[in-house]
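Residues per chain are reported as follows:
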Amino acid sequence: MSPNTDVYFMQKALQLAQQAMEEGEIPVGAVVVCQDKIIGKGYNQTERGQDVTAHAEILALTAASNYLGAKYLNNCTLYVTLEPCVMCAGALFWAQIGRVVFAARDTKRGFSQISPAILHPKTRLSAGVLAEESESLLKIFFKRLRT
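Residues numbered from 1 in each chain as written. Predicted model: local features only at pLDDT ≥ 70, side-chain atom pairs only at ≥ 80, totals over all residues. Heavy atoms only, no water.

In the nomenclature of an unreviewed UniProt entry, the protein chain corresponds to tRNA-specific adenosine deaminase from the organism Arundinibacter roseus. Of the protein chain, the UniProt comment under Catalytic activity (unreviewed entry) reads exactly: "adenosine(34) in tRNA + H2O + H(+) = inosine(34) in tRNA + NH4(+)". Quoted verbatim from the Subunit (unreviewed entry) field of the UniProt record, the comment on the protein chain reads "Homodimer." (UniProt positions renumbered as here; feature names shortened; annotations may be inferred.)

What follows concerns the overall build of the protein chain. When you go through the protein chain residue by residue, the secondary structure sums to 6 helices and 5 strands. Along the protein chain, helices (α) and strands (β) appear in the sequence α-β-β-α-α-β-α-β-α-β-α when read from the amino end. The C-alpha radius of gyration of the protein chain comes to 14 Å, within 12% of the 15 Å expected for a compact globule of 147 residues. Counting only C-alpha atoms and orienting by the principal axes, one finds that the protein chain spans roughly 45 × 35 × 30 Å. In the protein chain, which comprises 147 residues, the share counted as buried stands at 49%. Residue pairs at least 24 apart in sequence account for 59% of intrachain contacts in the protein chain once pairs closer than 6 positions are excluded. Accessible area of the protein chain: about 7,900 Å², with a carbon and sulfur share of 51%. (Helix = DSSP H or I, 4+ residues; strand = E, 2+ residues; numbered from the N terminus. Rg over C-alpha atoms; globule rule 2.2 N^0.38 Å. Buried < 20%, exposed > 50% of the residue type's maximum accessible area, 1.4 Å probe, protein only. Contact = heavy atoms within 4.5 Å. Areas by Shrake-Rupley, 256 points an atom, 1.4 Å probe, with all protein chains shown as cover.)

Below, the discussion takes up the packing of helix 1 (residues 3-22) against helix 6 (residues 131-146). The geometry of helix 1 relative to helix 6 is characterised by a closest axis approach of 11 Å and an angle of 5 degrees between their N-to-C directions. Considering their axes alone, helix 1 and helix 6 lie roughly parallel with respect to each other. Counted together, L14, A17, Q18 and M21 of helix 1 and E133, S134, L137, I140, F141 and R144 of helix 6 form the full contact between these two elements. Residue composition of the contact of helix 1 with helix 6, grouped by class: 6 nonpolar, 2 polar and 2 charged. (Axes fitted to C-alpha atoms, helices over the stretch in contact; angles between N-to-C directions. Parallel < 35°, antiparallel > 145°, perpendicular 65-115°, else oblique. Nonpolar A, V, L, I, M, F, W, Y, C, P; charged D, E, K, R; others polar.)

Here we take up the UniProt feature "active site" (unreviewed entry) in the protein chain. When the UniProt feature table is mapped onto this chain, "active site" (unreviewed entry) is found at E57. With respect to the element layout, E57 can be found in helix 3 (residues 56-68). Other than its neighbours up to four places away in sequence, E57 contacts V28, A30, L78, V80, L82, P84, C85 and C88.

Attention now moves to the packing of aromatic side chains. Inspection of the entire model under this criterion finds 4 aromatic pairs. Between F141 and F142, the aromatic rings sit 5.1 Å apart at their centres with planes inclined by 85 degrees, giving edge-to-face as the arrangement. A residue is classified by how much of its surface remains accessible, and F142, at 31% relative accessible area, is partly exposed. An aromatic cluster is defined as three or more aromatic residues linked by ring pairs; in this entry it consists of Y8, F9 and Y79. (Phe/Tyr/Trp six-rings, centres within 6.5 Å; stacked < 30°, edge-to-face > 60°.)

In structure tokens, the structure reads:
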């Protein structure tokens with residue numbers, strides 16, 4: 001994928017993160033792309049559903065698998081606005097996702113802090129695409145919580 005393609009799809013994920021924030025959820029959005037088409041998307045919905053597994057990545061993976069009628073997503077790319085947690089990285093492993101692109105690092109709960117080798121060995125990883133925009137949304141959200 002070209003840098004412009006990565007930016008385009010990360011912007012789509014950021015739009016979903018914005019939607020999450022508007023609904024009172026931690027602003028994380030994700031899209032799964034296959035052959036330059038979004039086939040799955042999600043944003044955090046843990047509060048709405050009272051479900052700790054309703055992370056953006058999980059919802060996007062489920063939608064993509066349903067779209068393809070397949071559990072393996074090795075020809076797909078996940079764009080997500082925050083580094084996946086260990087739970088989501090485990091799901092990415094089992095889906096054998098081809099590539100993961102994330103915006104902001106999660107220095108407290110991101111998989112690379114806890115278990116950097118958790119992704120499937122064939123999964124390619126890119127970080128930092130629109131990181132500042134993602135970090136800004138997160139800072140605004142958490143600042144609102146504290147005031």
